[in-house]
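Take a look at the letters that make up each chain.
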Amino acid sequence: QVQLVESGGGLVQPGGSLRLSCAASGSIFNINRMGWYRQAPGKQRELVATITDLGSTNYADSVKGRFAISRDNAKNRVYLQMNSLKPEDTAVYYCNSRGGPNGLRDYWGQGTQVTVSS
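Basis of the calculations
Residues numbered from 1 in each chain as written. Predicted model: local features only at pLDDT ≥ 70, side-chain atom pairs only at ≥ 80, totals over all residues. Heavy atoms only, no water. Pairing = 2+ DSSP bridges. Helix = DSSP H or I, 4+ residues; strand = E, 2+ residues; numbered from the N terminus. Axes fitted to C-alpha atoms, helices over the stretch in contact; angles between N-to-C directions. Salt bridge = Lys/Arg side-chain N within 4 Å of Asp/Glu carboxyl O. Buried < 20%, exposed > 50% of the residue type's maximum accessible area, 1.4 Å probe, protein only. Phe/Tyr/Trp six-rings, centres within 6.5 Å; stacked < 30°, edge-to-face > 60°. Lys NZ or Arg CZ within 6 Å of the ring centre and 35° of its normal.

Asker: Explanation requested: the sheet that holds strand 3 (residues 18–26) in the structure shown.
Answerer: Pairing between the strands of a sheet is mediated by backbone hydrogen bonds and can be parallel or antiparallel. Reading across the sheet, the four strands line up as 1-3-8-7 and stay open at both edges, with antiparallel pairing between neighbours. Strands at the two margins of the open sheet, each flanked by one partner only, are strand 1 (2–7) and strand 7 (67–72). Put simply, the sheet's adjacent strands are angled 20 degrees from each other on average, direction ignored. Relative to strand 8 (residues 77–82), strand 7 is paired through six bridges, and the arrangement is antiparallel. Opposite Ile69, over in strand 8, you have Leu80 as the bridge partner.

Right under this line is the structure:
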């Protein structure tokens, strides 16, 4: 069982930056991959970025070069640095963890709202 809590969302102007944080607790030793997803009203939840237990990262094409995912293992946290934000980035951002000794299981945070508007 994993608990995930996101923070850092808010209102930012186009071109601005935000850093999201996700705190993980519980059975974190089973986590193989963590990531960020987002969902805008009327749209499906989409992958934004992932980072594996070995540090390998993956990004959606729409955020590549603008966003950066990172980990702080000592603090059991994962971050999403978002730069050059666009109105299209407006969404609820969710922290995700995946792992488990018997197959894979996903856990989700409650989400944090990111609004990019002038």
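Resuming the write-up.
Asker: How do you make sense of the pattern of salt bridges when you look at a structure like this?
Answerer: Any two side chains of opposite charge can pair, so long as their charged atoms come close to each other. A full pass over the atoms with the stated rule returns five salt bridges. Taking the shortest distance from any N to any O, the salt bridge between Asp89 and Arg66 comes out at 2.8 Å. Taken together, the positions of Asp89 in the loop between strand 8 and strand 9 (91–99) and Arg66 in the loop between strand 6 (57–59) and strand 7 put the pair 23 residues apart, joining distant regions of the chain. On the basis of relative accessible area, Asp89 is assigned to the buried category, the value being 2%. Connected via shared salt-bridge partners are Arg38, Glu46, Arg66 and Asp89.

Asker: Help me understand the packing of aromatic side chains in this model?
Answerer: Given two aromatic rings, their pairing is described by the distance between the two centres and the angle made by the two planes. Counted under the stated rule, the structure contains one aromatic pair. With 4.9 Å between their ring centres and 70 degrees between their planes, Tyr37 and Trp108 make a pair best called edge-to-face. Here Tyr37 is found in strand 4 (residues 31–39), whereas its partner Trp108 is found in strand 10 (residues 105–108), with 71 residues between them in sequence. Between the NZ or CZ atom of Arg45 and the centre of the ring of Tyr94, over which it lies, the distance is 3.9 Å. One residue, Arg45, lies across the ring of Trp108, its end atom 4.6 Å from the ring centre.

As far as function goes, none of this settles anything; it's purely spatial.
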